[in-house]
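Coordinate analysis (summary)
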2 protein chains.
Amino acid sequence: MTETWATSGSLGIDLHLDPATGPGLRRGLTDSLREAVRTGRLAPGTRLPSSRSLAADLGIARNTVAEAYADLVAEGWLTARQGSGTRVAEGRAMPPTGTAPRRRERPRPVYDLVPGTPDLASFPRAEWLKAARRALTAAPHDALGYGDPRGRTELRTALAGYLARARGVRADPERIVVCAGFTHGLGLLGAVLRARGLRTVTVESYGLEVHWNLLAAAGLGTVPLPFDELGTDPAGLTGPGAVLLTPAHQFPMGDALHRDRRAAVLDWARRTGGVILEDDYDGEFRYDRQSVGALQGLDPDHVVYLGTASKALAPGLRLAWLVLPPGLVEEVTRAKGGADTCGSFDQLTLAEFIGSGAYDRHLRAARLRYRRRRDALVSALATRAPQVRVTGIAAGLHAVLRLPPGTEPSVVQAATWQGLALNGLSFFRHEAARTEPVDALVVGYGTPPDHAWAGALEALARVLP
Amino acid sequence: MTETWATSGSLGIDLHLDPATGPGLRRGLTDSLREAVRTGRLAPGTRLPSSRSLAADLGIARNTVAEAYADLVAEGWLTARQGSGTRVAEGRAMPPTGTAPRRRERPRPVYDLVPGTPDLASFPRAEWLKAARRALTAAPHDALGYGDPRGRTELRTALAGYLARARGVRADPERIVVCAGFTHGLGLLGAVLRARGLRTVTVESYGLEVHWNLLAAAGLGTVPLPFDELGTDPAGLTGPGAVLLTPAHQFPMGDALHRDRRAAVLDWARRTGGVILEDDYDGEFRYDRQSVGALQGLDPDHVVYLGTASKALAPGLRLAWLVLPPGLVEEVTRAKGGADTCGSFDQLTLAEFIGSGAYDRHLRAARLRYRRRRDALVSALATRAPQVRVTGIAAGLHAVLRLPPGTEPSVVQAATWQGLALNGLSFFRHEAARTEPVDALVVGYGTPPDHAWAGALEALARVLP
C-alpha cells in the first residue's frame, strides 16, 4: 500500500514509482516503464526522453533513469541506437497472457556502500541456530498456534529488559508490539495517527524517502523541520501532532539531537499532547563516547520508541518493535489485525538469543568490526582525499563525506562507473526541505564483508575529488 | 486495519469488535466493553443489558456476551449481584495514565474443539530444527538481507513443485507471493480488488466472519451465494467480479464443490473476466477418496490459489502463499509494500523441509492421526448419540454434527459448561445468507493432543441430545 505516482511531462504518461531506497527506486522505475510498454501506454517506436530530462521531470538521479533504460534494453523492451536515442521496441506490447514479467537480477555492484544493511557475512549463524534449538525445544505447544497480536510474550519480556539496560527505554512488555520490520511498525503508526485525524507528520529535512512514502500511503503528508549547524531544529513545532525523529543519530547526517533541542521537543510534546516517533535504528552502535540514551526514557507517555533487529542482526529476520505510550497500545494492536503477523519461531529465538547473552556478545563484536572500518575510512580519506571532510562518525554504520560545491552528481556517477553503489546526500533530502543543499556522499560501511573493505576504500578514494 | 463496528441498541453505545473467530470475538467484545468503561462512555453504576438482549443486538452468541461480562467482573470493571444484574463498577473510569489495560489470560477450556488449529503437539520440532540447520547453513548471505517482496525464491520454487504434484496447481515461482498467513494474503487481494474498483465480493453462505471482515476493512462488502443440498450454488454469479470459495472442502459444511458447479464457476469467470479466490485451507487432508484437485489447475488465468502452512504445520509459522494469474502479480506485490514482510529463515527452512521430503512424511503421519480421530468420533457418536447425524467427514480437520431443530444454542451452552470450546453452525453463517438455518455443531478434531482425544469425545457425548 506504499506507493506514489510521479508525472513525467517529457514522457507524457504517469509513472508508478514504488517508494524505496536507491536500488528499489531504480527497480520501481524499470517496472513502471516495462508495464507502460507492455500495456501499450508507450507505443512501439515511441522515442523516450533523454535520461537527463526524464530524471529532471521525476526529480530523481539521472543515473537511475539511465540504468532503468539499460535494463529494459537488455530485456528487449527498448532499443538504443547511436543517433536515434532510446525507443520502445517494435512488436513487444501486450505479450500473450500466461507470461508474468520476469524480474531480472541486476548485476551487483562490486562494492555496496549504500547505508542500511549490516555485514550479513558476520551474522552469527551458529549461535543463532543454537538459540533456535533451545527456544523451539522449550516452547510450549501454544507458541506454535495463533498468537497475541502484540507478539510473543517471551520476546516482549526480553526486549523490555534489554532496552531498559542498553538504551534507557522505560519499557513494559505489555506496551511493546513486535512488528515485521521498521516499515511495518511505521505503517501501523501512520494508520493509527491518520485514524486519529492527523493529516501531516513533521519529519526531518534529511531522512529516508521510503518512510515519507509510507506515511503518505497512510494518508499523511510530511513537513520537514529546518536543519542548521546544530542539526534538526524543532522550533517550528507548534500545534499538536506527531514528529518523526532520529534523536540518537540523525539519519543520514550522523549527529545526536542537540541537548537543548531534545528538551524543546519534549516540552512541545507535553504542552500540546504531541507524539514523538523515535526512530532508534542504530542506537547500539556508538564508538567514541557515552551512548546517547533514548528520548523515550525521558517521557514514555509522549514518545513511541521504534527499534529493529535489522541493523544489529539481519533485515531478513523481519523483526522490529514499538514501545508505546499506554494510550496507543490498543489502537496499534488493532491496526495490526486480529493475529500476530510475525512468525513465532524467530521471536522465540531472538528472546533466547537476548536472554542467553549472545545478543550482547554479538553486538560487542560488531561494534569493534564497524569501528575498525570507520577508522580505516577516516585514515584512508586523510591520505587520499584530504580536502574531503568526514562527519557523522561518532556512531552508526555510515559516514557523510563533504564534497566541494557542485561536485556531488559527478562523483556519484563516477562511483557507479567504478562499481560502487552509494548515494549522494541529495538522495536523502526531503523535497520540501528549505535547508541549503550540501554536496556530500553518504557512505555505508556496514554492508561489505571484512575482506572486501580495503578494496571498497580504494575504489572510493579513486572517485573522490 | 481489519475492524468493524457493531451498534447495540440495548447498550446505547457503539462497540468496536475485532473480526476474529470464536475466542477472538469474545476478546474483542471484552476489550470493547472495557474501553467503554475505562473512558467513561459507560458511566459507573450503569446497568448493562442482559447477555441475551445484548447478544441479540449484536447478532452474536449469548455465551460470548456472558463470558465477556464474567471476564470484566473478574477484572473489577463490572459488578454482578443477584437481583440487580450486571453494572459498571464505581470509581474505575479513567484510571491514571501510565497503566495499559492488562490482558488477562482466560482459563482455558479443558478441550478445544474449535476448528482451525492443527494438533500443535505433533509439530515435527526435531525435523524442523534439522531443516533449519541445513537451510541456514547453506543460505547465501543475501538471504539475510532485505528480500524480494514476493518472498524467497527457494520457497517459491519448492512450493511450485509441491503444489503441482499434490494439488494439481499450475504454479510458476514467478507468480507465487508468500505472505504472513492466509489473512495477510486475503487482505492484500482485498486491497487490490478494491483498487480495481470492486465494491463487493461474492462469498459462501457459510464461512469465517474474520474473512468477511477483512474484506470489509478493504472496503468490500460481501454477498453470500445460496447453499442447498448440493452445497454452494454459484448460479447467482452474474456480472464480473470476484468470488471467494472453498472448493475442495467447503468450510465448515465439509463437502467438495459439486462437479457441475465447479464447471459453472469457471464458466462464469471466463465469460465475465471474473476472479475466483480459491481458499484451499486444508486440501492436504482427505481420507476416503481421491483428493479433490485445485480449481486453479483448470484455469490459472482466472483463479487465485490461496494455501497455508497453518493447518499442515503450524499457524505460528505465519506462512501462506498465493498463486496468482499473471495479471495480478505486480499489483499484489506492490500492495505487499516495498519489502518482504515474512522472515527469510522460516521461508528457507520450509523450502528445505519440502525439498527433503520431510513435509510429505509429516503430512502422511498427520493424515493418519486425524483419520483415526475422525473414525473414533463417528463411532462414538453412533453409540452415544445415534440421533446425531455426522456430515462433512471425507476430508479436513472438523465434522458437522446435525442436531434436532432448535437445540443448537442449548447444546453449545452445555458444552461450554462442560469445559468444551466449540462453535455452533450459526457462528459460521453469513448474516445475509438466505439459506434455511440448520441446527448443528462444528467439531474440530485437529487441536486436542492425541492423549486428550478420548476425554474430549466423552465430554462431547455428554452434551449431545
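Here the structure is shown first, and the text comes after it.
What comes next is a walk through the structure. (Residues numbered from 1 in each chain as written. Chains lettered and ligands numbered in written order. Predicted model: local features only at pLDDT ≥ 70, side-chain atom pairs only at ≥ 80, totals over all residues. Heavy atoms only, no water.)

Moving on: the environment of Gly283 of chain B. All names here are of chain B. Here Gly283 shows up in the loop between strand 12 (275-279) and strand 13 (303-308). Once the C-alpha coordinates of Gly283 and Ala314 are considered, the two residues, 31 residues apart in sequence, prove to be 15 Å apart. Apart from residues lying up to four places away in sequence, Gly283 is in contact with Arg167 and Ser291. (Helix = DSSP H or I, 4+ residues; strand = E, 2+ residues; numbered from the N terminus. Contact = heavy atoms within 4.5 Å.)

Residues and elements named next belong to chain A. For helix 8 (residues 259-272), with 14 residues, the first-to-last C-alpha span of 20 Å sits near the 20 Å given by 1.5 Å per residue. Tucked inside the fold, the buried residues of helix 8 contact strand 9 (227-228), strand 10 (231-232), strand 11 (242-245), strand 12 (275-279) and strand 13 (303-308). Following helix 8 by one or two positions, Gly273 has its phi on the positive side, about 75°. (Expected span 1.5 Å × (residues − 1).)

Residue and element names in this part refer to chain B. The 4 strands lie next to each other as 15-16-19-18, forming an open sheet whose pairing is antiparallel. Taken across any chain shown, the strands that pair with only one partner, and hence form the sheet edges, are strand 15 (389-391) and strand 18 (423-424). Sheet topology places strand 18 next to strand 19 (residues 440-444); 2 bridges connect them, and they run antiparallel. Bridging from a neighbouring strand, Asn423 pairs with Val442 of strand 19. (Pairing = 2+ DSSP bridges.)

All names here are of chain A. Within the fold, Arg374 resides in helix 11 (residues 358-384). Classification of Arg374 by relative accessible area gives buried; the value is 4%. A distance of 2.6 Å separates a polar side-chain atom of Arg374 from the backbone oxygen of Ile393. Residues contacting Arg374, with those up to four places away along its chain left out, are Tyr287, Asp288, Ile393, Ala394 and Tyr445. (Buried < 20%, exposed > 50% of the residue type's maximum accessible area, 1.4 Å probe, protein only. Polar contact = N/O pair within 3.5 Å; in protein donor to acceptor, adjacent residues only side chain to side chain.)

The geometry of two aromatic rings is summed up by the distance between their centres and the angle between their planes. Under the criterion given, the structure shown has 24 aromatic pairs over all chains. On the basis of an interplanar angle of 55° and a centroid distance of 6.5 Å, the ring pair of Tyr445 of chain B and Trp453 of chain B is categorised as tilted. In textbook terms, an aromatic cluster arises when at least three aromatic residues are bridged by ring pairs, as seen for Phe123, Trp128, Tyr162, Phe353 and Tyr359 of chain A together with Phe345 of chain B. In this structure, Arg373 of chain A is placed above the aromatic ring of Trp453 of chain A, and the distance from its NZ or CZ to the ring centre is 6.0 Å. (Phe/Tyr/Trp six-rings, centres within 6.5 Å; stacked < 30°, edge-to-face > 60°. Lys NZ or Arg CZ within 6 Å of the ring centre and 35° of its normal.)

Before going further, it helps to examine the pairing of strand 8 (residues 221-224) of chain A. A regular strand places its side chains so that they alternate between the two faces of the sheet. Here strand 8 of chain A shows a buried face lined by Thr222 and Pro224 of chain A and an unburied face lined by Gly221 and Val223 of chain A. Crossover connection from strand 7 (residues 200-203) of chain A via helix 7 (residues 209-217) of chain A to parallel strand 8 of chain A: handedness right-handed. (Right-handed = clockwise from strand over helix to strand, strands pointing away.)

Right, let's get into the packing of helix 5 (residues 153-167) of chain A against helix 10 (residues 344-355) of chain A. Residues and elements named next belong to chain A. Where helix 5 meets helix 10, the closest approach of the two axes is 8 Å, and the angle between their N-to-C directions is 35°. Seen along the crossing, helix 5 lies across helix 10 with a hand that is left-handed. Residue-level contacts link Glu154, Leu155, Ala158, Leu159 and Tyr162 of helix 5 to Gln347, Leu348, Leu350, Ala351 and Ile354 of helix 10. In terms of residue class, the contact of helix 5 with helix 10 is built from 8 nonpolar, 1 polar and 1 charged. (Axes fitted to C-alpha atoms, helices over the stretch in contact; angles between N-to-C directions. Left-handed = near helix turned anticlockwise from the far one by under 90°. Nonpolar A, V, L, I, M, F, W, Y, C, P; charged D, E, K, R; others polar.)

Looking now at the side chain of Glu278 of chain A. Residues and elements named next belong to chain A. Here Glu278 is to be found in strand 12. The charged side chain of Glu278 is buried without a salt bridge, its nearest counter-charge being Arg262 at 5.5 Å. A distance of 2.7 Å separates the side chain of Glu278 from the backbone nitrogen of Leu295, its partner in a polar contact. (Lys, Arg positive; Asp, Glu negative; His and termini not counted. Salt bridge = Lys/Arg side-chain N within 4 Å of Asp/Glu carboxyl O.)

A separate point is empty space enclosed by the protein. Here the structure, examined in full by the defined rule, presents 12 cavities of 30 Å³ or more. Among the secondary structure elements, those contributing two or more residues to the lining of the largest cavity are helix 4 (125-138) and helix 10 of chain A together with helix 4 (125-138) and helix 10 (344-355) of chain B. Its residues assigned to classes, the lining of the largest cavity shows 12 nonpolar, 2 polar and 2 charged. For the second largest cavity, the calculated volume is near 120 Å³. In terms of lining residues, the second largest cavity is bounded by 15 residues, among which Leu317, Cys342 and Gly343 of chain A together with Cys342 and Gly343 of chain B are the most central. Tallied by class, the residues present in the lining of the second largest cavity amount to 7 nonpolar, 4 polar and 4 charged. (1 Å grid on protein atoms, 1.4 Å probe; cavity = no way out; pocket = protein on both sides within 12 Å on 5 of 7 lines; lining within 4 Å. Points joined across faces, edges and corners; volume = space filled by probe spheres on them.)

Just geometry here; none of it tells us what the structure is for.
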